[in-house]
Amino acid sequence: MALTLVATMFINIRLPIMGNGGLIHLGNVPLFIAAMVYGKKTGAIAGAFGMGLFDVISGWAIWSPFTFVIVGAMGFVVGLISEKVPGNRVVVHTLAVATALIIKVVGYYFAEVILYGNWVQPFGSVPGNILQVAVAGIIVVPLVGRFKKRA
């Protein structure tokens, strides 16, 4: 949870594109590692509280309830897939990241629709959300096997 908060808070870039634009950060890296190594409950807690707390203390408080649910769901599902799906771990972890990507894009799209009352404006945040999860996946998938062996 703390690593998710710190990585979100201190390793980020605000995208200057339409709508909310999005915030690119590396908070998904410790979130995905926690979920893949320690499971769905840890992933849900790390995501929901780590990124939700970031929103509260960083001036994005209106986003906090949405982040709590969306990123908590991401952590839970990544952990669940990592725990339950058999097969090649690289493929399974890639599937888990792809599923998290869908949750993030769809979740934040509808969060913006609710907050801004506009069905078009939220598309401006989609590229940032995709980039954010894709970068985290590129970092985590090759490394998580090593973390899992040491846990």
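Calculation notes
Residues numbered from 1 in each chain as written. Predicted model: local features only at pLDDT ≥ 70, side-chain atom pairs only at ≥ 80, totals over all residues. Heavy atoms only, no water. Phe/Tyr/Trp six-rings, centres within 6.5 Å; stacked < 30°, edge-to-face > 60°. Buried < 20%, exposed > 50% of the residue type's maximum accessible area, 1.4 Å probe, protein only. Core = buried A, V, L, I, M, F, W, Y, C linked by side-chain atoms within 4.5 Å. Helix = DSSP H or I, 4+ residues; strand = E, 2+ residues; numbered from the N terminus. Contact = heavy atoms within 4.5 Å. Salt bridge = Lys/Arg side-chain N within 4 Å of Asp/Glu carboxyl O. Patch = residues over 30% accessible without salt bridge, like charges linked within 9 Å, V, L, I, M, F, W, Y side chains within 5 Å. Areas by Shrake-Rupley, 256 points an atom, 1.4 Å probe, with all protein chains shown as cover.

A. Local environment of the packing of aromatic side chains. Scanning the entire structure with this criterion turns up 8 aromatic pairs. For the ring pair Phe110 and Trp119, a centre distance of 6.1 Å and an interplane angle of 85° mean the geometry is edge-to-face. Residue class for Phe110 comes out partly exposed when judged on its relative accessible area of 41%. Members of the aromatic cluster, joined through ring pairs, are Trp63, Phe66, Tyr108 and Tyr116.

B. How the structure looks around the nonpolar core. Grouped together as the largest cluster of nonpolar side chains are 30 residues, with contacts concentrated most on Leu31, Phe32, Met36, Met74, Val78 and Val140. Contributing elements (two or more residues each) for this core: helix H2 (28-38), helix H3 (40-57), helix H4 (64-84), helix H5 (89-116) and helix H6 (126-150). Top element by residues in this core is H2. It accounts for 8 residues. Sequence-distant contacts of Phe32, defined by excluding residues within four places in its chain, comprise Met74, Val78, Val97, Ala100, Val133, Ala136, Gly137 and Val140.

C. Spatial organisation of the pattern of salt bridges. With the rule as written, the count across this model stands at 1 salt bridge. A salt bridge links Glu83 to Lys40, with the nearest nitrogen and oxygen atoms 3.1 Å apart. Here the residue Glu83 occupies a position in helix H4, and Lys40 occupies one in helix H3, the gap between them amounting to 43 residues. The exposure class of Glu83 is partly exposed, given its relative accessible area of 40%.

D. Broad picture of a nonpolar patch on the surface. A cluster of nonpolar side chains, Ile102, Val106, Phe110, Trp119, Val120 and Phe123, forms an exposed patch at the surface whose accessible area comes to about 650 Å². Note on placement: Trp119 falls in the loop between H5 and H6.

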